[in-house]
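Inside the fold
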Amino acid sequence: MTTKLFTEVDAKAAQQLLDSPTPPLLIDVREQNEWDQSHISAFTLKPLSALREWSASADKEFDPTKPTYVLCAAGVRSAQAASVLVDLGFTEVYNVQGGMYAAAGLKGLIK
């Protein structure tokens, strides 16, 4: 039996984090062309295609001990990315279910 090591959250819960006094790490794992079409400005682009080779320890912008929320278009790639981040040593990882499709209904969130 496999245990999932990340938590699923909805887009509304992720939106509430944007106003937090200590914001979590927010990663969008879509590709650059998707990001260029629309994105949530608080998220940092780190495509899933590059995530597997990326080393969090070499990138000081990404603290693996911070709560980390992962987003994609619909929630499938972000779930894959959440698993990769757990494998990379991230300790508190959340997948935003429904991704950008779910966030589209939240006023003022998408740029």
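The model shown is predicted, which means the values in this text are computed figures rather than measured ones.

A word on helix H4 (residues 76-87)
Helical geometry: 3.6 residues make up each α-helical turn, so side chains three or four residues apart lie on a common side. Taking 1.5 Å of rise per residue, 12 residues should cover 16 Å, and H4 covers 17 Å from first to last C-alpha, within 8% of that figure. Ser78, Ala79, Ala81, Ala82, Val84, Leu85 and Val86 are the residues of H4 that are buried. Packing partners of the buried residues in H4 comprise strand E2 (25-28), helix H3 (48-51), strand E4 (68-71) and strand E5 (93-96). Looking one or two residues past H4, Gly89 carries a phi angle of roughly 105 degrees, positive in sign.

Description of the side chain of Thr68
If you trace the backbone, Thr68 turns up in strand E4. A polar contact of 3.0 Å, which involves the side chain of Thr68, links it to the backbone oxygen of Lys66. Setting aside residues up to four positions removed in sequence, Thr68 forms contacts with Leu25, Ile27, Asp63, Leu85, Phe90, Glu92, Val93 and Tyr94.

A closer look at the pairing of E2
Alternating positions in E2 separate into two faces, Leu25 and Ile27 on one and Leu26 and Asp28 on the other, with burial throughout. Pairing of E2 with E4, which is carried by four bridges, proceeds in the parallel orientation. Bridge pairing in E4 places Leu26 opposite Tyr69. Where E2 meets strand E3 (residues 44-45), two bridges bridge the pair, whose relative direction is parallel. Looking at the pairing, Asp28 lines up with Leu45 of E3.

Cut-off values and rules
- Residues numbered from 1 in each chain as written.
- Predicted model: local features only at pLDDT ≥ 70, side-chain atom pairs only at ≥ 80, totals over all residues.
- Heavy atoms only, no water.
- Helix = DSSP H or I, 4+ residues; strand = E, 2+ residues; numbered from the N terminus.
- Expected span 1.5 Å × (residues − 1).
- Buried < 20%, exposed > 50% of the residue type's maximum accessible area, 1.4 Å probe, protein only.
- Contact = heavy atoms within 4.5 Å.
- Polar contact = N/O pair within 3.5 Å; in protein donor to acceptor, adjacent residues only side chain to side chain.
- Pairing = 2+ DSSP bridges.

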